[in-house]
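Residues per chain are reported as follows:
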Amino acid sequence: MWKVVRFAAARSRRFSTAIPGPCKVHKRGTDILHDPWFNKDTGFPLTERDRLGLRGLLPPRVISFEHQYDRFMNSYRSLEKNTQGQSDRFVSLSKWRILNRLHDRNETLYYRVLIDNIKEFAPIIYTPTVGLVCENYSGLFRRPRGMYFSAKDKGEMMSMIYNWPSDQVDMIVLTDGSRILGLGDLGVQGIGIPIGKLDMYVAAAGINPQKILPVMLDVGTNNQKLLEDPLYLGVRQPRLEGEEYLLIVDEFMEAVHARWPKAIVQFEDFQMKWAFETLKRYRERFCMFNDDIQGTAGVALAGLLGTVRSQGQPLSDFLKQKIVVVGAGSAGLGVLSMAVQAVSRMSGGSGTDANSQFFLIDKDGLVTTERSNLDPAAVPFAKNPRDLEGLSEGASIIEVVKKVKPHVLLGLSGVGGVFNTEVLKAMRESVSTKPAIFAMSNPTMNAECTAIEAFSHAGENIVFASGSPFENVDLGNGEVGHVNQANNMYLFPGIGLGTLLSGARHITDGMLRAAAECLASYMTEDDVRKGILYPSIDCIRDVTAEVGAAVVCAAVAEKQAEGHGDVGFKELENMSKVWKILITHR
Ligand SMILES: NC(=O)c1ccc[n+]([C@@H]2O[C@H](COP(=O)([O-])OP(=O)(O)OC[C@H]3O[C@@H](n4cnc5c(N)ncnc54)[C@H](O)[C@@H]3O)[C@@H](O)[C@H]2O)c1
Ligand SMILES: O=C(O)C[C@H](O)C(=O)O
Ligand SMILES: [Mg+2]
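Small disclaimer: the values here were computed from a predicted structure and weren't measured. Along each chain, residues carry numbers from 1 onward, in the same order as the chain's sequence is written. All chains are assigned letters beginning at A, and all ligands numbers beginning at 1, according to the order in which they are written. Where totals are concerned, whole chains, interfaces and linings use all residues; where local detail is concerned, this predicted model gives features only for residues with pLDDT of at least 70, and gives and counts side-chain atom pairs only at 80 or more. The basis for every side-chain value is the complete set of heavy atoms in the structure, and neither hydrogens nor water enter the calculation.

Draft legend 1. Layout of the state of the cysteines. Any pair of cysteine sulfurs within 2.5 Å is marked as a disulfide. Tallying each qualifying case throughout the model produces zero disulfides. Unpaired in this structure, C287 has its nearest cysteine sulfur neighbour in C553, at a distance of 17 Å. Relative accessibility decides the category of a residue: with a 1.4 Å probe and only protein chains considered, values under 20% of the type maximum give buried, values over 50% give exposed, and everything between is partly exposed. The exposure class assigned to C287 is buried, which follows from its relative accessible area of 6%. There is no disulfide at C553, and the cysteine sulfur nearest it, in C518, is 9.2 Å away.

Dropping the structure here:
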C-alpha cells in the first residue's frame, strides 16, 4: 500500500502543475455554464453565483458534488436497465453518448466518474467502443473537441495554434486518421482516438485536462465510402502524399513547438509508412513518440517476459523462446525491434543472430529475404530461407506454427479470426509448457481470436492476452482462464507523465526501455504463475505513477532531464535515487 501513497504524494507535492488546481476565471454568466472546464452545474455555491453573475441562471437549490455524482451514476444505471436486450452496438453507443454529454458539460464531474469507475468506463471512452464512435463520428458529431488542422490550412497553422484557449499545453495526441485501430482509413472521424487517449492521460496520469490537446491532421481520406457520405465532416479529397504530406506535418509540429516548446506529441494511428517516417523525422527535433510503434512494443515486451516467468523459468530463458509475430505493420515491427534489442542486451550485446528466434508473418505469409518489394522496416526480421527447414517464403500461419511449435503466437495483424481453430489447435504442440497467445489487434471484432476460442482450442494451460477487453473464461472445472489486456494504455500515460515531469526534450530508447521494464516487473511472481501478466485496469494510476517515475529516473541517468516547474535537475536527481531504491525493493 505504501507504494501508492509514496508516488501520489510525490506527484501532488512536487508536481502540482500536473494536477488541476485553483485557477483564475475570466468568464462570467452563461459563458461559464457553457464552459466544461469551469462549469459546476447546480454545484455552484451561492457566493460563487453572486460573484460570477450566475444568480437566476440556475435552479435555486445548490447540489453537492457527491449528490451530482450519484445523480449521474443513477442515470447511467437506468440507461443500462432500459437498454437491456438491445444490440451491443446500440448499448455501447448509448453509454458513450451519456458520458460524452457529461464530458461536454462538466469536465470535473466527468473525470471524477471516469477515474472512480475506470474499469467499467475505459471500454466505452477508449477501446473498443471508441472504434465504433470513430466509424460513426460524422453522424454523432454535436460539439467540436480538440483542434483540426487540414490540408486547406497550409500556411495558417502558426496563427491557428493560438486559437486554442489554454495558455499551456503539456500533452498532444495527434492522428491523421489513416489507420484507426484495425478499422483502416477513417479520415477526420479518427479524432475520437486522440480524445480517448487523452482521457486516459487524465484518468491514469493525472494530467490537467486544461493542458491536453487532441489533434486531427486532416490531409484527406482514401476511404471512398466516406468521400461519398453527405454527412462526412472532413476534407473531401484523396490523402496528400509524399512531400506535400510531410510539409503539412512539419508545419503543424513547428507551430506547436513555437507556442508550447515543451509540449509532448504522441503520434497515434498513422499508417505504417508515415508512422516510421515521422518518428525518424521528428524524434531528435521535438519531444514526441509513436505510441503504436514504441508504446505497443513496451507492453508486448513486458508480456513476453511475463510469459517466461509464468513458465517458471528465469528471464534469461527469453533467449530460447520461439516467437511468431503475425502482422508486419508499425505495431508488429515495433514489437520485434524492441524484443530483438532485449535479446541482444541479455546475451551480452553481441546482437548477432539476435532475431533467429523470431518469425514474422504478414498478409503474404512468412517474411523472408526472398520477398520482392520487402518493406525496408521489415528487412532486419526477414528470415534467410537457408536457415529454414521445411518452410519457405510466404508460408502460411498454420504452416509456420506447425513447424516452429512456438512458445508465443502474437497477433498485430488487424484481422479478426486469423488465429482460427486449426491454428489454435496447432498451438497445443507448442514446445512450451505454457504457450502464450496474444491477440492484440483492436477493436474486439479485429482480435485474431477470442478468449474462449483460445482456451477451448489451444488448451487450458495457455497464457492469453488481447488488445481489447474480454471476460475471463470459465474453464468449467472450477478454474478460470485469465484474460490479460495487452494494450498500450499501460505505458503511454506513464511515458508522457515521466517525460513531462523530467522536462526531457526528447524521448530516448533508454526512457522507453525503462518504462517497459517497469511494467514487466510490476506483477508478483504469484500472479504471473497464474497467467496474470498485466495489472487490472483498476490499478492504472499506480502503474502509471511507477512507469512515470521509471521514465524520470532514466531521463536523469541519461542527462536528458531538465526539470519541470520549480523542480530542477538536481532535485530530480535526488528524487530519482530514492525512487530507484524503492522500485528495486518493491
Ligand atoms: N494492443 C495494442 O496495444 C495495440 C497497439 C497497436 C496496434 N494494435 C492493433 O494492431 C493492429 C495492426 O496495427 P498496425 O499499426 O501494425 O497496422 P498496419 O496496417 O501497419 O499493419 C498490419 C499488418 O498486418 C498484416 N496482415 C494483414 N492481413 C494479414 C493476414 N491475413 N495474415 C497475416 N498478416 C496480415 C499486414 O500485411 C501488415 O503487415 C491494429 O488492429 C491495431 O489496432 C494494437
Ligand atoms: O488504441 C488502442 O486501444 C491500442 C492501439 O493504440 C491501437 O491502435 O490499437
Ligand atoms: Mg493506436
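The structure having been displayed, the exposition proceeds.
Draft legend 2. Structural view of the packing of helix α23 (residues 540-557) against helix α24 (residues 569-584). Taken N-terminus to C-terminus, the directions of α23 and α24 make an angle of 125°; their axes are 9 Å apart at the nearest point. What the angle tells us is that α23 and α24 run oblique. The two elements α23 and α24 cross, and the hand of that crossing is left-handed. Contacts from E546, A549, A550, V552, C553 and V556 in α23 reach F569, L572, E573, S576, W579, K580 and I583 in α24. Note on method: axes are straight lines fitted to C-alpha atoms, helices fitted across the in-contact stretch only, with angles between N-to-C directions ranging 0 to 180 degrees. Helical segments are the DSSP runs of H or I of at least four residues, strand segments are the runs of E of at least two, and each set is numbered from the N terminus. Each angle gets one of four labels, with under 35 degrees taken as roughly parallel, over 145 as roughly antiparallel, 65 to 115 as roughly perpendicular, and the rest as oblique. Two helices crossing with the near one rotated counterclockwise from the far one by less than a right angle form a left-handed crossing, whereas a clockwise rotation gives a right-handed crossing. Contacts are assigned to residue pairs that have any heavy atoms within 4.5 Å of one another.

Draft legend 3. Molecular detail of the sheet that holds strand β8 (residues 365-366). Strand pairing requires that DSSP identify at least two bridges connecting the strands. Pairing is mixed across the open sheet formed by seven strands, whose spatial order is β8-β7-β6-β9-β10-β11-β14. At either end of the open sheet lies a strand with only one pairing partner, and these are β8 and β14 (483-485). Relative to strand β10 (residues 436-439), strand β9 (residues 408-411) is paired through four bridges, and the arrangement is parallel. In the sheet register, L410 faces β10, and the bridge partner there is F438. Against the sheet, helix α16 (residues 330-346) contacts β6 (323-326), β7 (358-362) and β9, and its axis sits at roughly 175° relative to β7. Contacts between helix α17 (residues 397-404) and the sheet are confined to β6, β7, β8 and β9, with β7 contributing the most and set at about 165° to the helix.

Draft legend 4. Examining the pairing of strand β4 (residues 264-267) more closely. Across the two faces of β4 the burial is the same, with I264 and Q266 and V265 and F267 all buried. Pairing of strand β2 (residues 171-175) with β4 involves four bridges; the strand directions are parallel. Paired with V173 across the strands is Q266, a residue of β4. Strand direction decides the pairing type here: β4 and strand β5 (residues 288-290), joined by three bridges, are parallel.

Draft legend 5. Inspection of the site of ligand 1 at higher detail. Proximity is defined per residue: if any heavy atom of the residue lies within 4 Å of a molecule or strand, that residue is considered near it. The environment of ligand 1 is formed by 26 residues, the closest being R179, A328, S330, A486 and N488. Under this definition, polar contacts are N or O atom pairs within 3.5 Å; protein pairs additionally need one hydrogen-donor-capable and one acceptor-capable atom, and for neighbouring residues in sequence, both atoms have to be side-chain atoms. Here an oxygen atom of ligand 1 and a side-chain polar atom of S330 are 2.6 Å apart. With residues, only the protein chains shown are counted as cover, and all accessible areas are computed by Shrake-Rupley using a 1.4 Å probe. Relative to its unbound accessible area of 870 Å², ligand 1 is 84% covered by the protein chains. If you list the elements that add at least two residues to the shell around ligand 1, you get α15 (291-310) and α16. Under the scheme applied, nonpolar residues are Ala, Val, Leu, Ile, Met, Phe, Trp, Tyr, Cys and Pro; charged residues are Asp, Glu, Lys and Arg; polar residues are all the others, including Gly. Along the lines of polarity and charge, the residues of the shell around ligand 1 split into ten nonpolar, twelve polar and four charged. In this structure, the shell around ligand 1 is formed jointly by two domains, domain 3 (145-286) and domain 4 (294-489), each of which donates at least three residues. Marked domain ranges trace back to an automatic or database domain assignment.

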